[in-house]
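Structural features, examined
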Amino acid sequence: MTYRTDYHIHSWFSDGKAAPEDYIAPAIAAGLNEIGFSEHLVLFSESLDWSMNISDVQGYLTHIKNLKENTRDIIIRTGLEVDFFAGKAEEIQSYLSKMELDYIIGSVHYLGDESVDRGPEFYEGKNLDELFESYFDLVSAAAASGLYDIIAHCDLVRIYGFRPSFDPASLYRKLAINLKTHDVAFELNTNGRNRPLGDFYPDRRFLHIFWEENVPVCINSDAHMPSRVGQYFDEAYQLLRDAGYTEMAVFEKRNRHMVPL
Ligand SMILES: [Zn+2]
Ligand SMILES: [Zn+2]
């Protein structure tokens, strides 16, 4: 069996439904070699019910450190999923630089003051072509910020099934070039299957573009409950192989190396 990692997991330190330790047995059962936690951290936004509070970050890091020390059968990694905000990279950097992490996942949930994944109302009355372009621009800015090792669900703006009027291949091409230029991996995120979209992020039609541009990839479940750890990974691995991929990225202490896929 190929080496398997799942670096995008939410426990109840952010908006997941269980304790970190509850994910260990399902991860082993799913055949994973590594499991990594990546709690939401949204700086610059107060009292969000889905993000970890700043005051809980140290407790989270200590909790995962203890879990690492007391777990034998699977490698545990410590990560965060940190929202990107244009113009705030330096502040985010100075906050994150104090932490010992295995990787940092960058994500764009907000366009302006609103989140793209909190309900389809966000899309009503908006110009979808502009919306897609703005979203991809912000994800590219996140990739270029130097803050992140992995970019999460890079086309989350598809979540409710809205589409631009044009062929978005050019958006994916531009993003892939940007990811490669700034040496950032992307993830094949299987959780979109559980959302209104009903499919993975990014759009499977464009995975070959990331391979052509030589962008490193991770396969992540974005699980918010233990039953979803490693979910749909057989299909995800096959999709990536079909797109041309033969290796994937693994992380330790913010160093990346590649293993066969
Ligand atoms: Zn996310
Ligand atoms: Zn997530």
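Data block above holds the structure.
Scope of this entry: the structure provided in the associated data block.

Observations concerning the packing of aromatic side chains
Scanning the model with the defined rule gives 19 aromatic pairs in all. Ring centres of Phe-136 and Tyr-172 lie 5.0 Å apart, and the angle between their planes is 70°; on these two criteria the pair is classed as edge-to-face. On the criterion of sequence distance, the pair formed by Phe-136 in helix H4 (residues 128-144) and Tyr-172 in helix H5 (residues 169-181) is long-range, its members being 36 residues apart. Of the two residues examined, Phe-136 and Tyr-172, each falls in the buried class. Measuring from centroid to centroid gives 6.3 Å for Phe-186 and Tyr-245, while their planes differ by 50°, and the two rings are tilted. One end of the pair, Phe-186, is in strand E8 (residues 185-189); the other, Tyr-245, is in the loop between helix H7 (233-243) and strand E10 (247-252), with 59 residues separating them in the sequence. Neither Phe-186 nor Tyr-245 differs from the other in exposure class; each is buried. In this structure an aromatic cluster arises from ring pairing among Phe-136, Tyr-172, Phe-186, Phe-206, Phe-210 and Tyr-245. Its end group placed over the ring of Tyr-237, Arg-4 keeps NZ or CZ at 4.4 Å from the ring centre.

A word on empty space enclosed by the protein
Overall, the coordinates contain one cavity of 30 Å³ or more when judged by the stated rule. Of the pockets and cavities examined, the largest cavity occupies roughly 30 Å³. Phe-136, Asp-137, Ser-140, Leu-171, Lys-174 and Leu-175 are the residues that line the largest cavity. Looking at the lining of the largest cavity, the elements that each hand over two or more residues are H4 and H5. Residues belonging to the lining of the largest cavity are distributed by class as follows: three nonpolar, one polar and two charged.

Things to note about the layout of surface pockets
There is about 390 Å³ of room inside the largest pocket. Lys-65, Lys-68, Thr-78, Glu-100 and Leu-101 are, among the 15 residues lining the largest pocket, the residues nearest its centre. Sorting the residues of the lining of the largest pocket by element identifies helix H2 (57-69) and strand E3 (75-83) as the ones contributing at least two each. If one sorts the elements of the lining of the largest pocket by residue count, H2 sits on top with six residues.

Regarding the coordination of the zinc ion (ligand 2)
The protein atoms that coordinate the zinc ion (ligand 2) are His-8 (NE2), His-10 (NE2), Glu-81 (OE) and Asp-222 (OD), at distances spanning 2.0 to 2.4 Å. Metal-centred angles of 78 to 164° between the four donor atoms at the zinc ion (ligand 2) mark the site as irregular. All donors of the zinc ion (ligand 2) come from a single chain, and their spacing in sequence reads H-x1-H-x70-E-x140-D. The distance between the zinc ion (ligand 2) and the zinc ion (ligand 1) is 3.4 Å, with Glu-81 acting as a donor to both metals. Taken together, the residues Glu-81 in strand E3 and Asp-222 in the loop between strand E9 (217-220) and H7 connect sequence positions 141 residues apart. The two residues Glu-81 and Asp-222 agree in class, both being buried.

Thoughts on the state of the cysteines
Per the counting criterion, the structure on display carries zero disulfides. Between Cys-154, a cysteine without a disulfide, and Cys-218, which holds the nearest cysteine sulfur, the sulfur-to-sulfur distance is 13 Å. Its relative accessible area of 0% is what places Cys-218 among the buried residues.

Focus on the environment of Ile-159
Among the structural elements, Ile-159 can be located in the loop between strand E7 (150-151) and H5. Between the C-alpha atoms of Ile-159 and Ser-107, which are 52 residues apart in sequence, the distance is 14 Å. If near-sequence neighbours (up to four positions away) are discounted, Ile-159 is found in contact with Val-116, Asp-117, Tyr-123, Arg-195, Pro-196, Leu-197 and Tyr-201.

Quick notes on the rules
Residues numbered from 1 in each chain as written. Chains lettered and ligands numbered in written order. Predicted model: local features only at pLDDT ≥ 70, side-chain atom pairs only at ≥ 80, totals over all residues. Heavy atoms only, no water. Phe/Tyr/Trp six-rings, centres within 6.5 Å; stacked < 30°, edge-to-face > 60°. Helix = DSSP H or I, 4+ residues; strand = E, 2+ residues; numbered from the N terminus. Buried < 20%, exposed > 50% of the residue type's maximum accessible area, 1.4 Å probe, protein only. Lys NZ or Arg CZ within 6 Å of the ring centre and 35° of its normal. 1 Å grid on protein atoms, 1.4 Å probe; cavity = no way out; pocket = protein on both sides within 12 Å on 5 of 7 lines; lining within 4 Å. Points joined across faces, edges and corners; volume = space filled by probe spheres on them. Nonpolar A, V, L, I, M, F, W, Y, C, P; charged D, E, K, R; others polar. Donors = N, O, S within 2.8 Å, 3.2 Å for Na, K, Ca; no water. Tetrahedral: all angles 85-135°; square planar, octahedral: opposite > 155°, others 65-115°. Disulfide = S-S within 2.5 Å. Contact = heavy atoms within 4.5 Å.

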